[in-house]
Amino acid sequence: MKQPDLKGHFGPYGGRYVPETLVKACEELTEAYAKVRRDPKFKKELTHYLTSYAGRPTPVYEARNLSAYFKRGRIFLKREDLLHTGAHKINNTIAQALLARRLGKTRIVAETGAGQHGVASATAACVFGLKCVVYMGAVDIERQSLNVYKMKLLGAEVRPVMSGSQTLKDATNEAIRDWVTNVEDTHYLIGSVVGPHPYPMMVRDFQSVIGRETRASFLKNHGGLPDYLLACVGGGSNSMGFFYPFLKDKKVRMIGVEAGGEGVSTKHHASSITAGRPGILHGMKSYLLQDKNGQVQLAHSISAGLDYPSVGPEHSHLSDSGRVQYVSVTDTEALKGFDLLTKLEGIMPALESAHVVGHLSKLMPKIKKTDRMVICLSGRGDKDIHTVQQYF
Amino acid sequence: MKELDTLMKNRLEEKIKQARQKRRKLFCLFLTFGYPSIAATERLILSARDSGVDIIELGFPFSDPLADGPTIQYSSQESLKHNPSIRDAMRLVERLRRKGCELPIVYFGYLNPVFSYGEIKFAGDAKTAGFDGLILPDLPPEEETLLRRECKRKNLCLVNLVAPTTSDERMKMLVRESQGFVYYVSLRGVTGVRRSLPSDLASRVKKIRKMTSKPVLVGFGVSTPNQAKLVARISDGVIVGSAVIREIQKGILSAERLIKRISRAVHSEPHKPL
């Protein structure tokens, strides 16, 4: 069955759990997106910006030193880290900003955790002449000060969020509150495959360019499909875009890596699928970290970009159906992954993507010697250097 | 039989019938459960009854109240420090009913705590405890149809919200499906105190009142006795929350005085049928 259904359900997940004030905006967006989805002019314009501005297609690089280190398999990296602004986020922000312009909106609001989506939103707003307000938790502002400064240089207004845990979850609440208030002229540019319908579907589609390129490149250069795909999952936009074009290729195994923080047996992690249960937050039903009373629990991860207590609803569905396997990697393992990729390949990954590298030490001994795997290297590590500095 | 009678009885529907007969405007007071304490909530409900409040909207706190402004966010966070459960809220209502308080009480809350409690179980337990209705701001009628059916079966009024952005066609559906009354959200934005009321309020409310015989209550942004009076004039009743919650920060007595003043203002407006 095609996912999602007309009301945005992926199995029992997804949907549209929003205050009445936002229903019209969600409906409008769904309609507008249905139109542009089939509009060759929109596609052409988007492709133009993705190639000549953002730097697509990104290469698929064979990490021979890394493969040699594990003495088996062949590891490839899909280099989203080479994109303009340093991560896959730009794929989605350019597309949504184009769409916002079509809707006649003059202002975008965005939430950001690590600041990557904020920077990518501010960047797209520059290109398309939109006013941009970014909500960011006060705690995240502290740990990602460089991105905050970048957003300001790009002309965006960064509004610190002091409520709740002062991280991505609360920034999302505040962005939604802004959207409720200014819905007439404002588009909410969600940065991940989360939120009410049509966002999870739309952001997935916009990020699917990652998987499509990988698939085409593999078929062309290696005469077949990879055996494994691996990507990190916070909200889950890079992984969803990476996995989606391969879902029907039954032989391709997929692993989503969640942030394990200090370990899933502690209270300090962000592994919603591994350790949460279904719930409703930010307009969607999905796996959610919550206490026995249904209050949302604070997520924790060394990487601000994965620090989210829920996950895209399609991931929840893919986990239940068993199509994708979800694992959890701790802060310490992620740091080891960072160190490994930096030393062996001269590539400093974002701490989000470093989680995937951190999983290899567990996965590699179990694979066949000839297996080929592709890691979605969703972003570069520049923004995390001062965090990493505390450890090495 | 007697047990069945208690179960099928709905204080909210009775109150609405009485108000219509007496041509009385309705004053619905929002209180955050457990703010500043459960005992304080209990006292406020009892004194509200004596001040002429018609309906209590008991807000169960949620960690991520995305339709609420800073005041209710704050009261929710404060209440959550004591880890209240839905069961605690039900116990309070049971206690009030035992004390003979027959004020209609509507549960207000975001969906997740209800979902976590178990929706079907919730509808039954809430009704047994003495709740008369339910408002879930993040649950549109398109989702959780099981809960809707169960509320109907248990005669628990599930109140729909209508917003300034709601299309005419959707408005018809929401008004038709709403049980008890219709909650009109007066403005685009979150709950909280505003200096003035939106200019299109009267015409929007008029439109809804023409569609239905159910009372239309206006909430979001109504904060002073004078605003409440103005809103009561053009609607069937007024919902006040943030203004009172803010007053609680100064003290319970101060909040009780404000409730009394708003109640007088609302009830000074005689009901004029359209």
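Basis of the calculations
- Residues numbered from 1 in each chain as written.
- Chains lettered and ligands numbered in written order.
- Predicted model: local features only at pLDDT ≥ 70, side-chain atom pairs only at ≥ 80, totals over all residues.
- Heavy atoms only, no water.
- Helix = DSSP H or I, 4+ residues; strand = E, 2+ residues; numbered from the N terminus.
- Rg over C-alpha atoms; globule rule 2.2 N^0.38 Å.
- Buried < 20%, exposed > 50% of the residue type's maximum accessible area, 1.4 Å probe, protein only.
- Contact = heavy atoms within 4.5 Å.
- Areas by Shrake-Rupley, 256 points an atom, 1.4 Å probe, with all protein chains shown as cover.
- Domains from an automatic or database assignment.
- Buried area = accessible area lost by both parts, 1.4 Å probe.
- Salt bridge = Lys/Arg side-chain N within 4 Å of Asp/Glu carboxyl O.
- Pairing = 2+ DSSP bridges.
- Axes fitted to C-alpha atoms, helices over the stretch in contact; angles between N-to-C directions.
- Parallel < 35°, antiparallel > 145°, perpendicular 65-115°, else oblique.
- Left-handed = near helix turned anticlockwise from the far one by under 90°.
- Nonpolar A, V, L, I, M, F, W, Y, C, P; charged D, E, K, R; others polar.

Bringing the overall build of chain B into the picture now. Counting its regular elements, chain B contains 13 helices and nine strands. In terms of overall dimensions, chain B is globule-like: its C-alpha atoms have a radius of gyration of 17 Å, near the 19 Å expected for 274 residues. In terms of its C-alpha atoms, chain B occupies a principal-axis envelope of roughly 40 × 40 × 35 Å. Burial status across chain B gives 64% buried among its 274 residues. By sequence separation, contacts in chain B at least 24 residues apart represent 75% of the contacts at least 6 residues apart. Carbon and sulfur atoms provide 51% of the accessible area of chain B, an area that totals close to 11,000 Å².

This part covers the domain arrangement of chain A. Residues and elements named next belong to chain A. With domains assigned, chain A is organised as domain 1 (10-49 + 89-203) and domain 2 (56-86 + 208-388). Relative to domain 2, the C-alpha centre of domain 1 lies at a distance of 22 Å. Listed per partner, the contact involves 37 residues of domain 1 and 42 residues of domain 2. Both faces combined, the contact of domain 1 with domain 2 buries some 3,000 Å², and carbon together with sulfur accounts for 61% of it. Counting every contact that joins domain 1 to domain 2 gives zero salt bridges.

Residue and element names in this part refer to chain A. Strand order across the open sheet formed by six strands is β3-β4-β14-β9-β10-β13, with mixed pairing between neighbours. Because the sheet does not close on itself, it has two edges, and the strands there are β3 (60-62) and β13 (324-330). With direction set aside, neighbouring strand axes in the sheet form an average angle of 30 degrees. Where strand β9 (residues 228-233) lies against strand β14 (residues 372-377), three bridges are found, and the strand directions are parallel. Along β14, the bridge assignment pairs L230 with I375.

Moving on, we come to the pattern of salt bridges. Enumeration according to the criterion identifies 46 salt bridges over all chains in this entry. Here A:R56 ties to A:E80 by a salt bridge, and the two come within 2.7 Å at their closest N and O atoms. Residue A:R56 is located in the loop between α2 (40-54) and β3, and its partner A:E80 is located in the loop between β4 (74-79) and α4 (89-102); the two are separated by 24 residues in the primary sequence. Each member of the pair, A:R56 as well as A:E80, is classed as buried. In this structure, A:R159 engages A:E157 in a salt bridge whose closest nitrogen and oxygen atoms are separated by 2.7 Å. Its relative accessible area of 35% is what places A:E157 among the partly exposed residues. Salt bridges linked by common partners bring B:K9, B:R11, B:R97, B:E102 and B:D132 together as one network.

Bringing the environment of A:V36 into the picture now. With respect to the helices, strands and loops of the structure, A:V36 is situated in helix α1 (residues 20-37). Among all residues touching A:V36, those that are not within four sequence positions of it are A:F42, A:L99 and A:R102.

Residue and element names in this part refer to chain B. By the alternation rule, side chains of strand β9 (residues 237-240) split into G237 and I239 and V238 and V240, which are all buried. Taken together, the four bridges between strand β1 (residues 26-32) and β9 define a ladder with parallel strand orientation. Bridge pairing in β9 links C28 to I239. With two bridges connecting them, strand β8 (residues 216-219) and β9 associate as parallel partners. Note on β9: the bridge partner recorded for V218 is V238.

All right, on to the packing of helix α11 (residues 225-234) of chain B against helix α13 (residues 252-267) of chain B then. Residues and elements named next belong to chain B. Between α11 and α13, the least distance of the axes is 8 Å, while the angle of their chain directions is 30 degrees. Here α13 runs roughly parallel to α11, going by the angle between their axes. In the packing of α11 onto α13, the handedness of the crossing is right-handed. For the pair α11 and α13, contact is made by P225, A228, K229 and A232 and by L258, R261, I262, A265 and V266, respectively. Here the residues of the contact of α11 with α13 sort into seven nonpolar, no polar and two charged.

So, on to the interface of chain B and chain A. Taken together, the contact pairs 38 residues of chain B with 38 residues of chain A. Buried surface at the junction of chain B and chain A, summed over both partners, amounts to about 2,900 Å²; 49% is from carbon and sulfur atoms. Broken down residue by residue, the surface that chain B buries against chain A is led by B:D64, B:L66 and B:T165, which jointly contribute 21%. Put simply, chain B and chain A have four salt bridges between them.

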